[in-house]
Every structure is written in C-alpha cells, then in structure tokens.
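Chain by chain, the residues run as shown.
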Amino acid sequence: MSTTSSVTGTGGPAPVPSLRVVTRRIADPGDLLGLVPANLPATAIFSWLRRGDGIVGWGQAARVDTIGADRFAETSRWWTALVAEGSVDDDVRRPGSGLVAFGSMAYSSSSPAGGTLVVPSVVVGRRGDEAWVTTCTPAGQPTPSVHLEARPAPASPQGVSFGDGSQTPTQWMGAVATAVSRINAGELDKCVLARDLTARGLAPLDTRRLLQRLSTSYPNTWAFSVDGLVGATPEMLVRLERGLITSRVLAGTIRRTGDDERDLSLAAHLARSSKDLVEHEFAVRSVADRLAPHCDSINVPESPFVLHLPNVMHLATDVAGVLSSRSTSLALAEALHPSAAVCGTPRDAAEALITELEHMDRGRYAGPVGWLSAGGDGEWGIALRSGAISPEDPREIRLFAGCGIVAGSDPAAELAESDAKLVPMRDALSS
Ligand SMILES: C=C(O[C@@H]1C=C(C(=O)O)C=C[C@H]1O)C(=O)O
C-alpha cells in the first residue's frame with residue numbers, strides 16, 4: 001500500500017500518510033543491488049551507492065510529486081509534515097538508517113518533470129561493517145518481516161539501438177560554435193550545453209543490471225536510481241552530515257586514451273590548462289558563493305585536483321563548510337542548483353542561451369538527485385552520466401551529456417567530450 005500526493009502549486013498542503021518506520025541491524029547482506037527483487041518497474045527501484053556502501057530501496061510507502069519553481073519548497077513542506085506524522089524506531093542511527101526518502105528534481109522550473117520524493121517500503125543500507133534494513137508501513141499495520149536474499153542475476157539488455165535525440169551531432173556542434181561566438185562577443189563567460197540520445201532495447205531495461213554495471217565499472221561515482229532516472233554521477237552537489245557540508249565541484253574535462261602513461265601526462269596538462277582552470281574556477285565560485293550564507297566557516301582549496309574516472313578525467317575541488325542555519329540538505333541543494341558546472345556564468349545569461357540553443361527539456365538530467373533523512377541530512381548529487389527510462393515504454397531510455405563552453409572551446413572537441421561522457425551509460429546498455 002502506498003500514499004501518493006501531488007502538489008501543483010495551486011492547492012493547499014499535500015496530505016501525508018502516517019508511517020511506522022523500523023530499522024534493525026542485520027548481518028552483512030552482500031551486494032545490496034543483488035537483493036532488489038525482480039520484475040519491479042524502474043520507478044520502484046532506488047539506489048544511492050558508492051563502493052558498495054549506501055542505500056538501496058524498493059516499493060513505495062509514500063510519494064510526493066511537485067512541479068514548477070516551488071518544487072523544492074513544496075517537497076520540503078511535505079517532508080516536514082511526513083516526518084512529524086511518522087514514528088521511527090531506529091536501532092542503528094547511521095546516515096541512511098531510519099526514515100529516509102529518495103528524490104530527484106528537474107533541472108528547470110519550467111520542466112514538466114517537476115520533482116519527486118519517495119519513501120520506499122524497504123531500504124537496505126551499509127556503511128563500512130554495519131548493515132541494516134528499514135521497513136516503512138502505514139501506522140496501525142503490523143511491521144512486515146523482510147526476507148533478504150541474493151536474487152538471480154538480472155538479464156543484460158539485448159539489442160539496444162541508439163538514435164539521435166533533439167539535435168544531430170552536427171547541429172549540436174553548430175550550437176557550440178554559436179555559444180563560443182556569444183562568449184567572444186562578451187555576452188557571458190561560460191555556458192554548459194547538453195545533448196541527448198535515445199536508446200531502445202528489445203525487452204524492458206532492468207534497472208538492477210544498469211546499476212550493477214555502473215557501480216562496478218565506476219567505483220569513484222555514486223550509482224543512483226530514483227523514479228526511473230538511472231546513472232553514475234561523479235559530482236556531489238551537496239552532502240550534509242551532522243552539520244558538516246561538503247560539495248565536490250567538477251568542471252574541466254579531458255578524455256582518457258586507455259594508455260596509462262599518456263593519460264598521466266594528459267592529467268598534468270589538464271591541471272595546467274588555462275581554459276580548463278578558468279572554466280573550473282567559475283564552477284567553484286558559484287558553489288562557494290551560494291554556500292557562504294549557510295555556513296559559519298567555509299574551506300575552498302586553492303587549486304583543484306584531477307579526478308580519474310575510467311572514461312574521462314576532471315578538474316575537481318572539494319568544498320567544505322560548517323552549517324550555520326537549520327537548512328536541510330534539500331534546501332542546500334536548492335540554493336546551489338544550478339551551479340556553473342551545469343549552467344554557466346552569469347547564471348541568467350547562461351540559462352537564456354541554454355534555452356535558445358539546446359532545443360530540449362533536460363528533464364531531471366543535471367538536476368539534484370539523492371536522498372534525505374528525517375533530520376534533514378542527506379546527499380544530493382548532480383544527475384550526470386545518466387538516462388531517464390521512459391515511463392510509457394520501459395524498453396526506452398533517454399541519455400544526456402553536456403560540456404562547459406568557454407572562449408577557447410572547439411565544437412568538435414566538445415562533441416568528442418560529450419561522447420566520452422555518454423560511455424558509462426552506453427556500456428551499461430550493451431549486452
Ligand atoms: C554536464 C556534464 O558534466 C559537467 C561538465 C564538465 C565539463 O564541462 O568539464 C565536467 C563535469 C560536470 O560538471 C555532463 O556530464 O553531462
């Protein structure tokens with residue numbers, strides 16, 4: 001049984017169910033993704049995992065759907081009411097135990113994709129050598145006993161074919177060239193342009209298989225699944241844990257060649273490239289400036305490090321701060337979104353150029369995706385290296401990738417960079 005609420009911005013507060021939440025410690029359950037039951041729709045499978053730690057969930061005990069510019073605020077109000085109504089019995093008291101919800105927010109306030117927050121019926125978590133299971137049931141009903149077992153391996157996708165999305169590669173390079181000329185004309189400093197691809201398998205795509213591939217091949221990323229949006233993001237928009245805020249900012253990218261020695265020299269080149277350092281600085285500033293009002297103190301390293309992923313390398317900066325307000329992780333995500341890593345600088349000019357040149361709705365791509373605890377802690381990544389499984393046809397997924405465009409950008413190089421960023425999802429979709 002589940003309760004669904006919808007907030008359109010016109011009605012009163014959305015109703016909330018009264019939930020009974022029980023968390024119990026369990027013996028090491030093995031691979032968390034291997035516990036997720038088969039034959040669930042993509043919208044009922046939840047994940048936030050890195051190197052085997054994190055939470056996975058399934059089913060739906062409560063859900064809210066919001067839309068428009070108030071999607072964060074409406075979602076927050078619903079969560080506050082749900083937390084107040086619920087009762088929680090948590091033996092474990094670790095990040096991700098007790099009452100938690102998974103969420104994802106559209107990139108744009110004008111997107112029909114809106115925002116969603118879901119409390120799964122079952123959540124299994126691990127942090128180091130501790131593991132737990134949480135059940136969420138309507139108050140008054142008996143707490144179900146959950147039988148956790150390793151499920152048979154999910155089937156690989158079969159016969160996936162790819163097609164152009166909103167623009168052909170040539171059209172998209174034209175958009176990049178236009179963005180460069182606008183930057184050279186002094187209209188703005190940086191603009192992130194994205195493109196999409198469509199992919200279609202012969203049978204419904206199994207989210208569990210996509211997540212397993214992504215988390216095994218990209219251990220430096222967070223493998224996520226929320227409401228049919230699946231991916232492996234290397235970029236942490238904001239984590240809030242007991243008053244400590246952290247954010248991993250990425251901007252400035254180079255493709256890997258597969259030759260380790262050459263990649264090391266490319267990494268050294270990336271760390272000195274003035275084009276990439278300028279692009280990176282815009283992104284770091286946008287995060288630090290927006291976090292500052294929420295922090296007592298903030299630490300911004302002077303220079304970035306190079307984050308190595310199997311497909312690309314990024315300039316990366318870990319920003320940290322001490323929370324000064326009672327803001328939740330979701331409110332901090334709202335304050336930071338969209339950072340210059342996915343939008344540009346200045347924000348308004350970049351936003352206008354994105355609308356003019358991308359010719360698509362980003363949906364939930366490049367929006368915040370993650371989880372939220374009853375106390376407001378949580379982790380929100382930027383939904384990159386991801387795809388949205390079609391709610392109408394579970395054989396279809398729409399993939400996205402984008403690139404930061406600055407004065408020195410070359411359209412063909414940006415197209416190649418966007419292809420490299422599509423590799424994780426393309427590989428996960430191979431048989
Ligand atoms: C927009 C994306 O990535 C962003 C853009 C980057 C860049 O242009 O260098 C690097 C990391 C991300 O912040 C994407 O992966 O789709």
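Residues numbered from 1 in each chain as written. Predicted model: local features only at pLDDT ≥ 70, side-chain atom pairs only at ≥ 80, totals over all residues.

In the annotation of an unreviewed UniProt entry, the protein chain is listed under the name isochorismate synthase and assigned to Arsenicicoccus cauae. Per UniProt, the comment on the protein chain under Sequence similarities (unreviewed entry) is "Belongs to the isochorismate synthase family." (UniProt positions renumbered as here; feature names shortened; annotations may be inferred.)

Draft legend 1. Looking closely at the overall build of the protein chain. The number of helices and strands found in the protein chain is eight helices and 24 strands. In summary, the protein chain has a C-alpha radius of gyration of 21 Å against a globular reference of 22 Å for 431 residues, a match within 12%. The principal-axis extent of the C-alpha atoms belonging to the protein chain is close to 65 × 50 × 45 Å. Sorting the 431 residues of the protein chain into buried and exposed places 52% on the buried side. Of all intrachain contacts in the protein chain linking residues separated by at least 6 positions in sequence, the fraction that spans at least 24 positions is 77%. (Helix = DSSP H or I, 4+ residues; strand = E, 2+ residues; numbered from the N terminus. Rg over C-alpha atoms; globule rule 2.2 N^0.38 Å. Buried ≥ 20, exposed ≤ 12 C-beta atoms within 10 Å, placed from the backbone. Contact = placed C-beta atoms within 7 Å.)

Draft legend 2. A look at the site of the ligand. In the vicinity of the ligand, 17 residues are found, and the nearest of them are Thr-253, Ala-341, Leu-384, Gly-402 and Gly-404. Of all elements in the fold, only strand E12 (190-200), strand E16 (244-255) and strand E24 (396-405) reach the threshold of two or more residues within the shell around the ligand. Along the lines of polarity and charge, the residues of the shell around the ligand split into nine nonpolar, five polar and three charged. (Near = placed C-beta within 6 Å. Nonpolar A, V, L, I, M, F, W, Y, C, P; charged D, E, K, R; others polar.)

Draft legend 3. Summary view of the nonpolar core. In this structure, Cys-191 and Leu-193 are the most contacted members of the largest nonpolar core, which totals 123 residues. When neighbours within four sequence positions are excluded, Leu-193 is seen to be in contact with Ala-175, Val-176, Ala-179, Ile-354, Leu-357, Glu-358, Gly-402, Cys-403 and Ile-405. (Core = buried A, V, L, I, M, F, W, Y, C linked by C-beta atoms within 7 Å.)

Draft legend 4. View of the pairing of strand E3 (residues 45-50). Among the six residues of E3, six are classified as buried, and the element is accordingly described as predominantly covered. Because side chains alternate across E3, one face comprises the buried residues Ile-45, Ser-47 and Leu-49, and the other comprises Phe-46, Trp-48 and Arg-50, equally buried. Of the pairings in the sheet, the one linking E3 to strand E4 (residues 53-58) comprises six bridges and is antiparallel in character. Note that in E4 the partner of Phe-46 across the bridge is Gly-57. Two successive antiparallel strands, E3 and E4, enclose a turn made up of two residues, where Arg-51 displays a positive phi of approximately 50 degrees. The sheet contact formed by E3 and strand E13 (residues 222-226) spans three bridges and is antiparallel. (Pairing = 2+ DSSP bridges.)

Draft legend 5. View of helix H8 (residues 411-428). The end-to-end C-alpha distance of H8, which contains 18 residues, comes to 27 Å, matching closely the 26 Å that a straight helix rising 1.5 Å per residue would cover. Helix geometry: H8 is bent most strongly at Leu-422, by close to 40 degrees, with proline Pro-424 lying one to four residues after it. For H8, the full list of buried residues reads Pro-411, Glu-414, Glu-417, Ser-418, Lys-421, Leu-422, Pro-424, Met-425 and Ala-428. (Expected span 1.5 Å × (residues − 1). Bend = angle between axes of the 7 residues up to and from the residue.)

Draft legend 6. Up close: the pairing of E4. Bridge count between E4 and strand E9 (residues 122-127): five bridges; the pairing is antiparallel. Bridge pairing in E9 places Ile-55 opposite Gly-125.

Draft legend 7. Region of the structure containing unusual backbone geometry. Looking along the chain, the bond that leaves His-337 and enters Pro-338 is cis, with omega of -10 degrees. Its place among the elements puts Pro-338 in the loop between helix H6 (329-336) and strand E20 (344-345). Cis geometry is found at the peptide bond from Thr-345 to Pro-346, where omega equals -15 degrees. Checked against the element boundaries, Pro-346 lands in the loop between E20 and helix H7 (347-358). You will see that Arg-51, though not glycine, has its phi angle at about 50 degrees, which is positive.

Draft legend 8. A look at the environment of Pro-142. Of note, Pro-142 is situated in the loop between strand E10 (130-138) and strand E11 (161-164). Since 7 C-beta atoms lie within 10 Å of it, Pro-142 is described here as exposed. Separated by 122 residues in sequence, Pro-142 and Arg-20 have C-alpha atoms that sit 9.2 Å apart.

Draft legend 9. Geometry of the packing of helix H2 (residues 169-184) against H8. Running from amino to carboxyl end, H2 crosses H8 at an angle of 125 degrees, the nearest separation of the two axes being 9 Å. Looking at the two axes, H2 sits oblique to H8. Handedness of the crossing formed by H2 with H8: right-handed. From H2, Pro-169, Trp-172, Met-173, Val-176 and Ala-177 reach across to H8, where they touch Pro-411, Ala-412, Glu-414 and Leu-415. (Axes fitted to C-alpha atoms, helices over the stretch in contact; angles between N-to-C directions. Parallel < 35°, antiparallel > 145°, perpendicular 65-115°, else oblique. Left-handed = near helix turned anticlockwise from the far one by under 90°.)

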